[in-house]
Amino acid sequence: MMNLLVQLAEESYLRARIDAMFRGERINITENRAVLHVALRAPKCANIQVDGENMVPQVHAVLDKMIDFANRVRSGVWKGHTGKRMRNVVNIGIGGSDLGPVMAYEALRFYSEPSLTFRFVSNVDGNDFTESVRDLDPSETLFIVSSKTFTTLETMTNAHTARDWSLKGMRGDEKSVAKHFLAVSTNAKEVAKFGIDTANMFEFWDWVGGRYSMDSAIGLSTMVAIGPDNFRAMLSGFHQMDEHFRSAPFDKNLPVLMGLHAVWYTDFFGAQTIAVFPYENYMKRFPAYLQQLTMESNGKHVTLDGTPVDYQTGPIYWGEPGTNGQHSFYQLIHQGTRLVPCDLIAFAKALNPLGRHHDMLLANVLAQSEALAFGKSPEQVKAEGTPDWLVPHRVFEGNRPSNTILVDRLTPEALGKLVALYVIHRLLRLDYSSNCRAPVAAPPGSRFLE
């Protein structure tokens, strides 16, 4: 069956599309843009072009500017309006300008500078801003406002509220804005109008979709938190997965295989959701990040040429960290009537070793992987001493699809690889509505891909 799925990828011209993306062609046909998030983590020696211009030097110029700024904040060289060093960093954005940075901060909190506090504001609900700054000192607080156009309704509403809050703490001195606010944007006019020095404006590009932008200047708060060296390590992880995707044959290509599995279960077996369960509490916001990553573009009802489709275009992604979910919704996955493919993510080594905790955590994730695959038969349940009347309630069939991803340790490089893996396989929703679909019809009697 795997051979047929690889055939599907080949007949959908996936290799040609991969090459076109890396060449900087305008494969985003609805916006007539290149899709070059891979340029954000390319080494300086790379040559990735858009309309004949190599984008890599621009990327590294912004990266160098980010490094300089992050070092000044972390070392205390950057001072606020009253001469105090910054101790609080508040990221204001929404969508990809929030979900990526907050996910990365939480995932890499182990590596974060302990003398700094980080908060994230996205919701236009005033409670979000109020609670985020309740215990902060305006004279020690720096705001990063992330909006490509600097006109996004939710972001700019929160940014102006932050401006008022900061000015109140500075006795209304407008000059203070330049010391306590910076922008991640492309609209210098609006940034200057807000009161931010355009020298403190960090650029990004229209060939980067917001949901792919956490390794651009949108990740400035991440770099301040974990430091430039760790941020570069994360970029290295991204790049390694990019190169694997570009060069590995399809039958050994991790993003391609995960993408094909998603097509198999959603389009051939009617799975409506895919669950992602990180067995690592630092990764608790990873499923929320994946929801935007996978669903914002794949929620379409037409093919690339605008033709309505007669198959599922994308599953719903959801999840919670293990082992919490085991005491919440795993029974439906094991014993219910809905097919829910699962990704189980675990790390072999603990960041905070604490007695038997990590051994128990790993035992749980491996037990869940085994139980999803093999289930428990009536004979096994009876052998445990279960009364006959109770046996049907404790049987679970198994043969439930899952991927178990085991990584050595949660490092910035490992996070980069994981995010890139999901970014890339999200792109592989293949348009196979034409002659590509018939040759890969599921054989009679097959149930799940082995």
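**With respect to the sheet that holds strand β5 (residues 141–146)**
Thinking step 1. Across the sheet, which stays open at both edges, the 5 strands sit in the order β4-β3-β5-β6-β7 with parallel pairing between neighbours. Of all strands in the sheet, those with a lone pairing partner are β4 (117–121) and β7 (201–202), marking the two edges.
Thinking step 2. In this sheet, β4 lies alongside strand β3 (residues 88–92) in parallel orientation, the contact comprising 5 bridges. Residue Ile92 lies in a different strand from β4, and its bridge partner there is Val121.
Thinking step 3. Contacting β4 and β5, helix α5 (residues 126–133) runs over the sheet at an angle of about 175 degrees to β4.

**Describing the packing of helix α11 (residues 254–268) against helix α17 (residues 412–426)**
Thinking step 1. Direction vectors running N to C along α11 and α17 enclose 55 degrees, while the axes themselves pass 8 Å from each other. Judged by the inter-axis angle, α11 sits oblique to α17. Note on packing geometry: the crossing formed by α11 with α17 is right-handed. Contact residues: Leu254, Pro255, Met258 and Gly259 in α11; Leu421, Tyr422, Ile424 and His425 in α17.
Thinking step 2. For the contact of α11 with α17, the class distribution of residues is 6 nonpolar, 2 polar and no charged.

**What to know about the side chain of Asp267**
Thinking step 1. On the secondary structure map, Asp267 appears in helix α11.
Thinking step 2. Owing to a relative accessible area of 12%, Asp267 belongs among the buried residues under this scheme.
Thinking step 3. A polar atom in the side chain of Asp267 sits 3.5 Å from the side chain of Thr266.

**Remarks on the packing of helix α4 (residues 96–107) against helix α12 (residues 286–298)**
Thinking step 1. Packing of α4 against α12 leaves a shortest axis separation of 9 Å and a crossing angle of 150 degrees. Comparing the axis directions of α4 and α12 gives the class roughly antiparallel. Note on packing geometry: the crossing formed by α4 with α12 is left-handed. Taking contact as the criterion, the partners of Gly96, Leu99, Gly100 and Met103 in α4 are, on α12, Phe286, Ala288, Tyr289 and Gln292.
Thinking step 2. Here the contact of α4 with α12 is built from residues that sort into 5 nonpolar, 3 polar and no charged.

How each quantity is defined
Residues numbered from 1 in each chain as written. Predicted model: local features only at pLDDT ≥ 70, side-chain atom pairs only at ≥ 80, totals over all residues. Heavy atoms only, no water. Pairing = 2+ DSSP bridges. Helix = DSSP H or I, 4+ residues; strand = E, 2+ residues; numbered from the N terminus. Contact = heavy atoms within 4.5 Å. Axes fitted to C-alpha atoms, helices over the stretch in contact; angles between N-to-C directions. Parallel < 35°, antiparallel > 145°, perpendicular 65-115°, else oblique. Left-handed = near helix turned anticlockwise from the far one by under 90°. Nonpolar A, V, L, I, M, F, W, Y, C, P; charged D, E, K, R; others polar. Buried < 20%, exposed > 50% of the residue type's maximum accessible area, 1.4 Å probe, protein only. Polar contact = N/O pair within 3.5 Å; in protein donor to acceptor, adjacent residues only side chain to side chain.

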